[in-house]
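# Breakdown of the fold
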Amino acid sequence: MNSTAPAYELIEDAPHALRLALTGDWVQAQAIPDFPTLRSELLACSPEALTVDGSGLGDWDSLLMAFLLQCHSLCSAEHIPFNAEHLPGSANRLLEVATAVPPHQRPQEARAPLLERLNPVKALRALWRDLRESIAFLGDLGIGLARLVTGRANTRFSDFRHFCYQAGPNAFGIISLTSILVGMILAYLGAVQLKLLGAEIYVADLVLIGMLREMGVLMTAVVMAGRTGAAYAAQLGTMQTNEEIDAITTMGVSPVEFLVLPRVLALLVMLPLLTIYADLLGVLGGAIVAGGMGITMLQYVSQIQDAISLTHLLVGLSKSVVFAILIAVAGCRSGMQSGRGSAAVGNAATDAVVTAIVYLIVADAAMNIFYQQVGI
């Protein structure tokens, strides 16, 4: 059976009322008429109504529907009434479905004036909203921990073990490098002043106390915020984009118990251990600088034995526990509240790192003030 080439004809039935007569076989094997040509003809006639007549149609497939949808979109944009006559019943139904919902139009982002964007009231509202979301997330996390203690949580030990390896041994390289360099920096800074007093030996005290109480745990936490916190946000944000979290919720499993708890507990276990590791390497870095100042390793170790205190170690470890919770909460919260898109995942990772670092600085300052007030 020979196919007839598809064609159309614009017929003026009444003043400013056009009829688009379609003929032939509108199938994939045929070359359909050029729609821009029809567009130009329609706009030149300035019709007040357009009627599509399909009485002369032969075979048709999706090419006809694409052409009709273009005609409908043009009429909608130009505010021209669109009518269809003598189209096959299935074509009419498909056209109704295709045009039932208007095409999505991305909203234009209206940039508010500078003074409005800097409005302190709006800033406080945004801060309050963020604080409420954080408190709600912490509440869910607390409920999950309670269920875990009572043995009712949907938390897998295999996930916890995997995240422990990800947050611990996989971070040895970067933690080793930063800790040795921080120890050397502390030693150099102290050596400049102590050398003026002839007290170079006290470089060991400076490095030891500085690493145990402050720099060891803080630098390790900052590195983990940029490494592990961002990874948590990216992982959970990607799952949010792929609707995996929705699927977990649909199955009746708590995403906080299944996804967040293993990550929080893994970081809570590994960060204190990484802090001890960083302290040791920081002291080793200080020993390298002390050796260049003429201090023997025996003198350095002897001075460390005199300066070391369990209190200094416990101060750093207590900070590491708090920092671990803050990093994990910031990363997981940003990931769980991520939007659905590749850009949203990147924003979630960035938000996780920035939020975690702010949390670390504020918490570190608060804990230092507290320890000073209680004489620790």
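These figures come from a predicted structure and were not determined experimentally.

### Regarding the overall build of the protein chain
- Looking only at helices and strands, the protein chain has 13 helices and 4 strands in total.
- Here the C-alpha radius of gyration of the protein chain, 34 Å, is well above what a compact globule of 376 residues would show, namely 21 Å.
- Overall size of the protein chain, expressed as C-alpha extent along the three principal axes, is 105 × 50 × 50 Å.
- Considering the protein chain as a whole, with its 376 residues, one finds that 41% of them fall into the buried category.
- Within the protein chain, contacts between residues at least 6 apart in sequence are counted, and of these 81% link residues at least 24 apart.
- Where the 21 positive side-chain charges of the protein chain centre and where its 30 negative ones centre are 14 Å apart.

### Some remarks on the packing of helix H8 (residues 203-241) against helix H10 (residues 255-292)
- H10 packs onto H8 with a crossing angle of 145° between their chain directions and a minimal axis gap of 8 Å. Every pair of crossing elements has a handedness; the one defined by H8 and H10 is right-handed.
- Along the lines of polarity and charge, the residues of the contact of H8 with H10 split into 16 nonpolar, 7 polar and 2 charged.

### A short note on the pattern of salt bridges
- Tallying each qualifying case throughout the model produces 7 salt bridges.
- For Asp53, the salt bridge goes to Arg19, with nearest N and O atoms at 3.1 Å. In this pair, Asp53 is assigned in strand S3 (residues 49-60) and Arg19 in strand S2 (residues 17-26), connecting sequence segments 34 residues apart.
- Among the residues examined, Asp53 registers a relative accessible area of 8% and is labelled buried.
- A salt bridge links Glu214 to Lys319, with the shortest nitrogen-to-oxygen separation between them at 2.8 Å. With Glu214 in helix H8 and Lys319 in helix H12 (residues 310-336), this pair connects stretches of sequence that are 105 residues apart.
- Assessed through its relative accessible area of 0%, Lys319 is described here as buried.

### Remarks on the packing of helix H7 (residues 172-197) against H8
- At a minimum axis separation of 9 Å, H7 and H8 run at an interaxial angle of 145°. Helix-helix and strand crossings are classified by hand; for H7 and H8 the assignment is right-handed. Along the contact surface, H7 presents Ile174, Ile175, Thr178, Ser179, Val182, Gly183, Leu186, Ala187, Gly190, Ala191 and Leu194, while H8 presents Val203, Leu206, Val207, Gly210, Met211, Met215, Met219, Thr220, Val223, Met224 and Arg227.
- Looking at the contact of H7 with H8 residue by residue, the class counts come to 15 nonpolar, 6 polar and 1 charged.

### Points about helix H1 (residues 35-45)
- Residues of H1 that are buried: Phe35, Leu38 and Leu42. Here the buried residues of H1 occupy an arc of 60° about the axis, which is enough to place them on one side.
- In the core, the buried residues of H1 are packed alongside strand S1 (7-14), S2, S3 and helix H2 (62-77).
- One or two positions beyond H1, positive phi appears at Ser46, with a value near 50°.

### Details of a nonpolar patch on the surface
- Taken together, Ile174, Leu177, Leu181, Ile185 and Leu189 make up a surface patch of nonpolar side chains, about 460 Å² in accessible area.
- Looking at where Leu177 falls in the secondary structure, it is placed in helix H7.

### Points about H7
- Taking 1.5 Å of rise per residue, the 26 residues of H7 would be expected to cover 38 Å, and the 37 Å separating its terminal C-alpha atoms lies within 8% of that figure.
- The largest bend in H7 is about 35°, located at Ala191.
- Burial in H7 covers these residues: Ile175, Ser176, Thr178, Ser179, Val182, Gly183, Leu186, Ala187, Gly190, Ala191 and Leu194.
- Phi for Gly198, located one or two positions after H7, is positive at around 70°.

### A look at the environment of Arg129
- Structurally, Arg129 is set in helix H5 (residues 120-149).
- By relative accessible area, which is 43% here, Arg129 ends up partly exposed.
- Distance from Arg129 to Ala153, taken between C-alpha atoms, is 29 Å for residues 24 residues apart in sequence.

### Some remarks on the nonpolar core
- Leu141, Met224, Tyr232, Val260, Leu267, Phe323 and Ile327 are the most contacted members of the largest nonpolar core, which has 41 residues in total.
- Elements that contribute at least two residues to this core include exactly H5, helix H6 (157-167), H8, helix H9 (244-250), H10, H12 and helix H13 (342-374).
- Broken down by element, this core gets its largest block of residues, 11 residues, from H10.
- Formed by 23 residues, the second largest nonpolar core is a distinct cluster that contains Leu18, Trp26, Leu42 and Phe82.

### Here we look at the packing of aromatic side chains
- Taken as a whole and judged by the stated rule, the model has 7 aromatic pairs.
- Measuring from ring centre to ring centre gives 5.0 Å for Phe172 and Tyr277, while their planes differ by 35°; the resulting arrangement is tilted. A residue pair is termed long-range when its members are at least 10 positions apart, and Phe172 in helix H7 and Tyr277 in helix H10 qualify at 105 residues.
- On the basis of relative accessibility, which here comes to 38%, the residue Phe172 falls in the partly exposed class.
- Between Phe370 and Tyr371, the ring centres sit 5.7 Å apart and the planes meet at 55°, which makes this aromatic pair tilted.
- Taking the relative accessible area as the measure of exposure, Tyr371 reaches 10% and is therefore buried.
- Three or more aromatic residues link up through ring pairs in this structure, and these residues are Tyr8, Trp26, Phe35 and Phe67.

### What to know about the sheet that holds strand S4 (residues 82-85)
- With mixed pairing, the 4 strands of this open sheet are ordered in space as S1-S2-S3-S4. The open sheet terminates on both sides in strands that have one partner only, identified here as S1 and S4. Going across the sheet, the axis of each strand differs from the next one's by a mean of 25°, ignoring polarity.
- Relative to S4, S3 is paired through 4 bridges, and the arrangement is parallel. By the bridge assignment for S4, Thr51 is matched with Asn83.
- Along the sheet, H1 contacts S1, S2 and S3; its crossing angle with S1, the most-contacted strand, is approximately 10°.
- Along the sheet face, H2 touches S1, S2, S3 and S4 and points at about 165° away from the line of S2.

Scoring rules and cut-offs
- Residues numbered from 1 in each chain as written.
- Predicted model: local features only at pLDDT ≥ 70, side-chain atom pairs only at ≥ 80, totals over all residues.
- Heavy atoms only, no water.
- Helix = DSSP H or I, 4+ residues; strand = E, 2+ residues; numbered from the N terminus.
- Rg over C-alpha atoms; globule rule 2.2 N^0.38 Å.
- Buried < 20%, exposed > 50% of the residue type's maximum accessible area, 1.4 Å probe, protein only.
- Contact = heavy atoms within 4.5 Å.
- Lys, Arg positive; Asp, Glu negative; His and termini not counted.
- Charge placed at Lys NZ, Arg CZ, Asp CG, Glu CD.
- Axes fitted to C-alpha atoms, helices over the stretch in contact; angles between N-to-C directions.
- Left-handed = near helix turned anticlockwise from the far one by under 90°.
- Nonpolar A, V, L, I, M, F, W, Y, C, P; charged D, E, K, R; others polar.
- Salt bridge = Lys/Arg side-chain N within 4 Å of Asp/Glu carboxyl O.
- Arc of directions from axis to C-beta.
- Patch = residues over 30% accessible without salt bridge, like charges linked within 9 Å, V, L, I, M, F, W, Y side chains within 5 Å.
- Areas by Shrake-Rupley, 256 points an atom, 1.4 Å probe, with all protein chains shown as cover.
- Expected span 1.5 Å × (residues − 1).
- Bend = angle between axes of the 7 residues up to and from the residue.
- Core = buried A, V, L, I, M, F, W, Y, C linked by side-chain atoms within 4.5 Å.
- Phe/Tyr/Trp six-rings, centres within 6.5 Å; stacked < 30°, edge-to-face > 60°.
- Pairing = 2+ DSSP bridges.

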